[in-house]
Amino acid sequence: MSRFVSYVERRWDHLLDLTIEHAQVVIVALAIATVISVSLGILTYRREHAANAVLAVAGIFLTIPSFALLALLITPLGLGYEPTVVALVMYALLPIVRNTITGLRSVDPAVIESARGMGMNGRQRLLRIELPLAWPVILTGIRVSAVMLIGIAAIAAAVNGPGLGSDIFDGLARVGSPAAINLVLGGTLGVVVLALLFDAVFLLVGRFTTSRGIRD
Amino acid sequence: MTDAPQPMIRLEGLTKVFPGQQTPAVDHLSMDIPEGEIIILVGPSGCGKSTTMRLINRLIEPTEGRVFLQGEDVTTVNPDALRRRIGYVIQQIGLFPHMTIADNIAVVPRMLGWDRRRVRARVDELLETVGMDPGTYRGRYPKELSGGQRQRVGVARAMAADPPILLMDEPFGAIDPITRDRLQNEFLRLQADLRKTIVFVTHDIDEAIKMGDRIAILQQGSKIAQYDTPERILTTPANEFVEQFIGHGASLKGLTLVRVSDVDLAEWPVAQAPLDRGALRRQLAESDKASLLVLDERRRPVKWLTLRDIESPGSLDDVGLPAEPAIVEPNATLHDALDLMITSYTGTVIVTDRGGAYQGVVELDTIMRRVDEVRRAAVERMRKDEPGSVPAEDLAL
């Protein structure tokens, strides 16, 4: 244990760099996935069939093993950053799009009715009423995706992707050597800390972006 | 009706057939709604009354027929712009939970592009109007209000941009009876000043009689069974459907149409401090009543004293029956008065002015006389209308 502590002390800068890289690729993928998913949710939440189709496709993405998906993406996108982001976006879709649809559908019909009755057009209803009311649910979807992506991003090292996965993979390649345990443990610790950090950040964001009127 | 002033709202051959349905929900409805009155659409559930109301602000588009507001055909104008000119209140209220009370009320004025100062002033004015302190409630959220307060905000929100027309779909339907009664009275008081044209949907004939200047009783397909004043609907129902819909006790319901201020009050022996046993005894003996009413220094009723109370050995402060709750103000209905009378100790209801000072009493006799008058008037009218009563179609327009 003490050996691991001294390892972390010695390699602190390196671990921090990897962690930041890891966080960056997750944030980029999450941002892209959020834009796509929320848009898809808005476009489909009133249409039963379209919504089901979108959910089914996003669901299939999520079931593809990450190794396989990354390997499949090598052919069109090569190695490194691009296939990593694309794969992460694909995994992040389902929780966000599902929560967007659920959130928009759970807005009280009486609220929509009164908004219509007051002369709000479709765009005004969406932007001023439906999205703000669905926001906590959508944000939960984004949070679930974020934590999930932090785990999956570690696998991206298989295609030379950025992040903490490279240390973990290095360690796994040197199983038996004394450095192996430290490498794997260091990478894993980084992933766990990052996941906790993201979770905390999302809780805070939720607090500050949700109206007091709909907070519990 | 050709010489009547232009109606605020005119419905012409209004028809709605919902997709996939054979029978129209609203079937060729024509109706004029005069300015400044509360028009009640009342009928059994499924008769199309809510649909009719929603055809007016085009939340439902008519299959056929037209709607005119102040002579203007609004069947083809932009529906969102139309709705901003018409206040809308629904049973579930539908306040926006993520907005403060002030923001809820400000929605339509802001859409209409009012500047910030005007919006703020209007919000405060409306909160005052519905009896809520702006300082206290402006920044609150809907979940922090009671059901009655939410309904008040709902009404304030509908009136925000001062629309000439208000559509109200069972606005007091989801509120407990006591609060409902209070809100109804408040609303009537408000309407007395505002004189809006109000289309009010309910399934409750008692509410219709209480709130309506005119009532349209609707049958299946929004067919008008009778469109008339509450008095005439109660005394001369146009057909069997109306009779059945009013139900038993039309004369009892008629009591809600008469205010205490409309009848002659009876006298009752009263006494004020300092109370003197001898004087009280004499006063009671001279009257034909079994008790005296004690008033406080501002002539507000305090309690009843019977002869036995006066003869009792202890202090007069400790005896007697409280005057509450059988006390009404002149704007109460005879129905309210009768209700209190039945449970009061003396079989009477005390009438006070706004400040609570004693004015007189209403006795059962007074109410019986009134019922009699109404009945006699109805019989007379029926004789005049013979042979054959007025067909519903003639009353409709």
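Visitor: What exactly am I supposed to notice about the overall build of chain A here?
Guide: Looking only at helices and strands, chain A features 9 helices and 0 strands. The helix and strand sequence of chain A, counted from the amino end, reads α-α-α-α-α-α-α-α-α. Its C-alpha atoms give chain A principal-axis dimensions of about 70 × 40 × 20 Å.

Visitor: Before we go on, may I ask you to explain the nonpolar core in this structure?
Guide: One finds Ala29(A), Leu88(A), Ala92(A), Leu149(A), Ile40(B) and Ala216(B) to be the most contacted residues of the largest nonpolar core, which totals 130 residues. With 13 residues, the single largest contributor to this core is helix 5 (residues 81–105) of chain A. Setting aside chain neighbours within four positions, we find Leu149(A) in contact with Val26(A), Ala29(A), Leu30(A), Leu88(A), Tyr91(A) and Ala92(A). If you look at the next biggest cluster of nonpolar residues, it comprises 23 residues, including Leu293(B), Ala323(B), Leu334(B) and Ala337(B).

Visitor: Would you mind showing me how to read the interface of chain B and chain A here?
Guide: Many analyses report the size of an interface as the accessible area lost when the parts associate. Across the contact, 20 residues belong to chain B and 16 residues belong to chain A. Those elements giving two or more residues to the side of chain B that touches chain A turn out to be helix 2 (79–84), strand 6 (86–90) and helix 3 (101–111) of chain B. Per-class residue counts for the side of chain B that touches chain A are 12 nonpolar, 4 polar and 4 charged.

Visitor: Any chance you could explain the sheet that holds strand 7 (residues 165–169) of chain B here in plain terms?
Guide: The strands that make up a sheet are held in pairs by hydrogen bonds between backbone atoms, and each pair lies either parallel or antiparallel. All names here are of chain B. Spatially, the 6 strands line up as an open sheet ordered 6-7-8-3-9-10, and their pairing is mixed. Every interior strand has two partners, whereas the edge strands, strand 6 and strand 10 (223–228), have only one. Taken over all neighbouring pairs, the strand axes of this sheet differ in orientation by 15 degrees on average, direction set aside. As paired strands, strand 7 and strand 8 (residues 197–202) are joined by 5 bridges and run parallel to one another. Looking at the pairing, Asp169 lines up with Val201 of strand 8. Of the strands in this sheet, strand 3 (38–42), strand 7, strand 8 and strand 9 (214–219) touch helix 1 (residues 49–56), which is tilted by about 150 degrees from strand 8.

Visitor: When you look at the sheet that holds strand 15 (residues 327–328) of chain B in this model, what are you seeing that I'm missing?
Guide: Residues and elements named next belong to chain B. Taken together, the 3 strands give an open sheet; going across it, the order is 15-16-17, and neighbouring strands pair in mixed fashion. Both edges of this open sheet fall to strand 15 and strand 17 (358–363), since each of them pairs with a single strand only. Where strand 15 and strand 16 (residues 348–352) come together, 2 bridges link them in parallel fashion. Bridge assignment links Ile327 to a residue of strand 16, and that residue is Ile350.

Visitor: I keep staring at helix 3 of chain B and nothing clicks. Help me out?
Guide: Residue pairs three or four apart in sequence face the same way in an α-helix, which turns once every 3.6 residues. All names here are of chain B. Extensive coverage of helix 3 is indicated by the burial of 9 of its 11 residues. Among the residues of helix 3, those classed as buried are Ile101, Asp103, Asn104, Ile105, Ala106, Val107, Val108, Pro109 and Met111. Structurally, helix 3 contributes buried residues whose contacts are with helix 2, helix 4 (116–129), helix 5 (134–137) and helix 6 (147–158). Gly113 sits one or two positions beyond helix 3 and adopts a positive phi of about 80 degrees.

Visitor: Honestly, the pairing of strand 12 (residues 291–295) of chain B in this entry has me stumped. Any pointers?
Guide: The two faces of the sheet receive side chains in turn, since in a regular strand these alternate between them. All names here are of chain B. Among the 5 residues of strand 12, 5 are classified as buried, and the element is accordingly described as predominantly covered. Of the two faces of strand 12, the one holding Ser291, Leu293 and Leu295 and the one holding Leu292 and Val294 are both buried throughout. With 3 bridges connecting them, strand 11 (residues 270–272) and strand 12 associate as parallel partners. Bridge pairing in strand 12 links Ala271 to Val294. Each parallel crossover has a hand, and for strand 11 linked through helix 12 (residues 277–286) to strand 12 it is right-handed. The pairing of strand 12 with strand 13 (residues 301–306) spans 5 bridges and is antiparallel.

Visitor: Whenever I open this one, the pairing of strand 17 of chain B confuses me. Can you help?
Guide: Residues and elements named next belong to chain B. Pairing of strand 16 with strand 17 involves 5 bridges; the strand directions are antiparallel. If you follow Val351 over to strand 17, its bridge partner there is Gly360. Between strand 16 and strand 17, which pair antiparallel one after the other, the connecting turn spans 5 residues, and Gly356 there sits at a positive phi close to 95 degrees.

Visitor: Just checking my understanding: could you explain the environment of Ile90(B) for this structure?
Guide: As for its position among the elements, Ile90(B) is in strand 6. Classification of Ile90(B) as buried rests on a count of 23 C-beta atoms within 10 Å. Distance in space between the C-alpha atoms of Ile90(B) and Arg189(B) is 20 Å, their sequence separation being 99 residues. If we skip the residues at most four places from it in the chain, Ile90(B) touches Ala110(A), Glu113(A), Ser114(A) and Asp169(B).

Visitor: I'm lost on the packing of helix 2 (residues 12–44) of chain A against helix 5 of chain A in this one. Help?
Guide: Each pair of packed helices can be summarised by the angle the axes make with each other and by the distance between the axes. Residues and elements named next belong to chain A. Look at helix 2 against helix 5: their axes get within 7 Å of each other, and the N-to-C directions meet at 40 degrees. In terms of orientation, helix 2 lies oblique with respect to helix 5. As for the relative orientation of helix 2 and helix 5, their crossing is right-handed in sense. A class-by-class count of the residues in the contact of helix 2 with helix 5 yields 19 nonpolar, 6 polar and no charged.

Visitor: Before we go on, may I ask you to explain the packing of helix 3 of chain B against helix 6 of chain B in this structure?
Guide: Residues and elements named next belong to chain B. Where helix 3 meets helix 6, the axes come as close as 8 Å, and the angle between the chain directions of the two elements is 30 degrees. For the element pair helix 3 / helix 6, the angle class is roughly parallel. Two secondary-structure elements touch here, helix 3 through Ile101, Asn104, Ile105 and Val107 and helix 6 through Val153, Ala156 and Arg157. A per-class count over the contact of helix 3 with helix 6 returns 5 nonpolar, 1 polar and 1 charged.

Visitor: Can you help me understand unusual backbone geometry in this one?
Guide: Negative phi characterises most residues that are not glycine, and trans characterises most peptide bonds. Residues and elements named next belong to chain B. With omega at -5 degrees, the peptide bond leading from Glu324 into Pro325 counts as cis. The phi torsion at Asp162 lies on the positive side, around 55 degrees, for a residue other than glycine. Inspection of the secondary structure assignment puts Asp162 in the loop between helix 6 and strand 7. Positive phi, close to 50 degrees, is recorded for Arg195, a residue that is not glycine. Along the polypeptide, Arg195 turns up in the loop between helix 7 (177–194) and strand 8. Here Arg195 falls in the exposed class, since 12 other C-beta atoms lie within 10 Å of it.

What counts and what doesn't
Residues numbered from 1 in each chain as written. Chains lettered and ligands numbered in written order. Predicted model: local features only at pLDDT ≥ 70, side-chain atom pairs only at ≥ 80, totals over all residues. Helix = DSSP H or I, 4+ residues; strand = E, 2+ residues; numbered from the N terminus. Core = buried A, V, L, I, M, F, W, Y, C linked by C-beta atoms within 7 Å. Buried ≥ 20, exposed ≤ 12 C-beta atoms within 10 Å, placed from the backbone. Contact = placed C-beta atoms within 7 Å. Nonpolar A, V, L, I, M, F, W, Y, C, P; charged D, E, K, R; others polar. Pairing = 2+ DSSP bridges. Axes fitted to C-alpha atoms, helices over the stretch in contact; angles between N-to-C directions. Right-handed = clockwise from strand over helix to strand, strands pointing away. Parallel < 35°, antiparallel > 145°, perpendicular 65-115°, else oblique. Left-handed = near helix turned anticlockwise from the far one by under 90°.

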